[in-house]
Amino acid sequence: MQPDGRPEITHYTYRVTWSAEDQEFVATCAEFPSLSWLASSQVDALGGLEDLLRQVIDDLAEEGEPVPQPYADRHYSGKFNLRVGASLHRELAIQAAEDGMSLNQYVLRKLSAA
């Protein structure tokens, strides 16, 4: 966080990819999925999006609207619940047992390999 309580702009999750449709690089931010910036270079696309995010964050803060916290600054418990159908649950439990591990260990190994 910055001294004014606003998130550090560099902590957001960015991606810069080539857009064949636009014939330019497009920068996006996971925390602000509706925003993007097109430019002829990757550096310019990222810089343009960072400038845009500064403006958007300033506007949100001035209006008293919540500002999304960067994923990098969020705290995670390491737990999440996942609902699967009964047949998939059975199949996973059998596969875990055949591999000699708990269902949790089995699923964790599969997720880590993904």
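Described in the following lines is the structure provided in the data block. Worth saying up front: this structure is predicted, and the values here are computed from it rather than measured.

Opposite charge on two side chains lets them pair, provided their charged atoms get close. Applying the stated criterion across every chain, the model contains two salt bridges. Residue Arg 54 is joined to Asp 51 by a salt bridge in which the shortest nitrogen-to-oxygen separation is 3.2 Å. Remark: Asp 51 and Arg 54 occur in helix H1 (residues 42-62); sequence separation between them is three residues, near one turn of the helix. On the basis of relative accessible area, Arg 54 is assigned to the partly exposed category, the value being 38%. Asp 99 is the partner of Arg 109 in a salt bridge, and the nearest nitrogen-oxygen pair spans 3.2 Å. Taken together, the residues span a long stretch of sequence, with Arg 109 in helix H3 (residues 103-113) and Asp 99 in the loop between helix H2 (86-98) and H3 at a distance of 10 residues. Taking relative accessible area as the criterion, Arg 109 reaches 40% and is therefore assigned partly exposed. The class for Asp 99 is partly exposed, based on a relative accessible area of 43%.

Here strand E1 (residues 14-19) runs beside strand E2 (residues 24-29); their pairing, made up of six bridges, is antiparallel. Bridged to Thr 17 within E2 is Val 26. Counting the residues that bridge the hairpin from E1 to E2 gives four residues, and of these Gln 23 lies at a positive phi of roughly 60 degrees.

Judged by pairing direction, the sheet is antiparallel, and its three strands sit side by side in the order E1-E2-E3 without closing on themselves. Sheet topology places E1 and strand E3 (32-39) at the edges, where each strand pairs with a single neighbour. Taken pair by pair, the neighbouring strands of this sheet meet at an average axis angle of 25 degrees, ignoring direction. Running over the sheet, H1 touches E1, E2 and E3 and is turned about 140 degrees from E3.

Basis of the calculations
Residues numbered from 1 in each chain as written. Predicted model: local features only at pLDDT ≥ 70, side-chain atom pairs only at ≥ 80, totals over all residues. Heavy atoms only, no water. Salt bridge = Lys/Arg side-chain N within 4 Å of Asp/Glu carboxyl O. Helix = DSSP H or I, 4+ residues; strand = E, 2+ residues; numbered from the N terminus. Buried < 20%, exposed > 50% of the residue type's maximum accessible area, 1.4 Å probe, protein only. Pairing = 2+ DSSP bridges. Axes fitted to C-alpha atoms, helices over the stretch in contact; angles between N-to-C directions. Contact = heavy atoms within 4.5 Å.

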